[in-house]
Structure formats: structure tokens, C-alpha cells
Amino acid sequence: MKTQPYLLISGSLFALVGVAHLLRIVNGWPVTAGPWPIPMWVSWIGTLIPAGLSTWAFALIRRHA
């Protein structure tokens, strides 16, 4: 079974999530979950971890191409 389509899709989705969190940081968008405001530091984590996973997925694509 080919893993390249899976890696491409998951890498792209992780990149999209990371960019969304980065946009929240840059624009200062507030986010709330019910009555609780979500602190901005959560988006820093939400940027770094998906960026790492996306980079990893694309590196695997290059290695197995």
C-alpha cells in the first residue's frame, strides 16, 4: 500500500492547523470554549506541534519518493 497520499493529506492538514493558530497569534483573535477564554499560549503550542508534524510528513514523502 502506498503511504504517500496519506502523508500528503496529513501533512497538509497539520500545516493548515498550524497556519490557523499562527494567524490567531498574529491577529490577536480571541477564542472561547463555552464561557472560558482560551489563552494565547495555547496557540503557540498549536502552531509548533502541527508545524513539526507537517514537516515530518513531508520529509517522509521526500525520503520514500
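Right above here is the structure, for reference.
In this report, the structure presented in the accompanying data block is examined. Note that the coordinates shown come from a computational prediction; the quantities given were computed from them, not determined experimentally.

Points about the overall build of the protein chain
Summing up its helical and strand segments, the protein chain has 2 helices and 2 strands in all. Overall, the protein chain shows an N-to-C arrangement of helices and strands of α-β-β-α. In terms of C-alpha radius of gyration, the protein chain reaches 15 Å, well past the compact-globule figure of 11 Å for 65 residues. C-alpha extents for the protein chain along the principal axes are approximately 45 × 20 × 15 Å.

Describing the environment of Thr-32
Its place among the elements puts Thr-32 in strand 1 (residues 32-33). A sequence separation of 12 residues divides Thr-32 from Ala-20, and the C-alpha atoms of the two residues are 15 Å apart. With residues up to four places along the chain from it excluded, the contact list for Thr-32 reads Pro-37 and Ile-38.

Section: a nonpolar patch on the surface
Where nonpolar side chains cluster on the molecular surface, the patch consists of Met-40, Trp-41, Trp-44, Ile-45 and Ile-49 and spans about 530 Å² of accessible area. Position of Trp-44 relative to the elements: it lies in helix 2 (residues 40-63).

A word on the packing of helix 1 (residues 4-27) against helix 2
Axis separation between helix 1 and helix 2 bottoms out at 7 Å; the angle between their running directions is 155 degrees. Relative to helix 2, helix 1 is oriented roughly antiparallel. In this structure, helix 1 meets helix 2 at a crossing whose hand is left-handed. Its residues assigned to classes, the contact of helix 1 with helix 2 shows 15 nonpolar, 10 polar and 1 charged.

Examining the environment of Ser-10
If you trace the backbone, Ser-10 turns up in helix 1. Expressed as a C-alpha distance, the spacing of Ser-10 and Ala-20, which sit 10 residues apart in the sequence, is 15 Å.

Re the environment of Val-17
In this fold, Val-17 is placed in helix 1. Looking at Val-17, the relative accessible area reads 39%, which means it is partly exposed. Taking the C-alpha atoms as reference points, Val-17 and Pro-50, 33 residues apart in sequence, are found 6.6 Å from one another. In this structure Val-17 touches Gly-46 and Pro-50, once residues within four positions along its chain are discounted.

What counts as what
Residues numbered from 1 in each chain as written. Predicted model: local features only at pLDDT ≥ 70, side-chain atom pairs only at ≥ 80, totals over all residues. Heavy atoms only, no water. Helix = DSSP H or I, 4+ residues; strand = E, 2+ residues; numbered from the N terminus. Rg over C-alpha atoms; globule rule 2.2 N^0.38 Å. Contact = heavy atoms within 4.5 Å. Patch = residues over 30% accessible without salt bridge, like charges linked within 9 Å, V, L, I, M, F, W, Y side chains within 5 Å. Areas by Shrake-Rupley, 256 points an atom, 1.4 Å probe, with all protein chains shown as cover. Salt bridge = Lys/Arg side-chain N within 4 Å of Asp/Glu carboxyl O. Axes fitted to C-alpha atoms, helices over the stretch in contact; angles between N-to-C directions. Parallel < 35°, antiparallel > 145°, perpendicular 65-115°, else oblique. Left-handed = near helix turned anticlockwise from the far one by under 90°. Nonpolar A, V, L, I, M, F, W, Y, C, P; charged D, E, K, R; others polar. Buried < 20%, exposed > 50% of the residue type's maximum accessible area, 1.4 Å probe, protein only.

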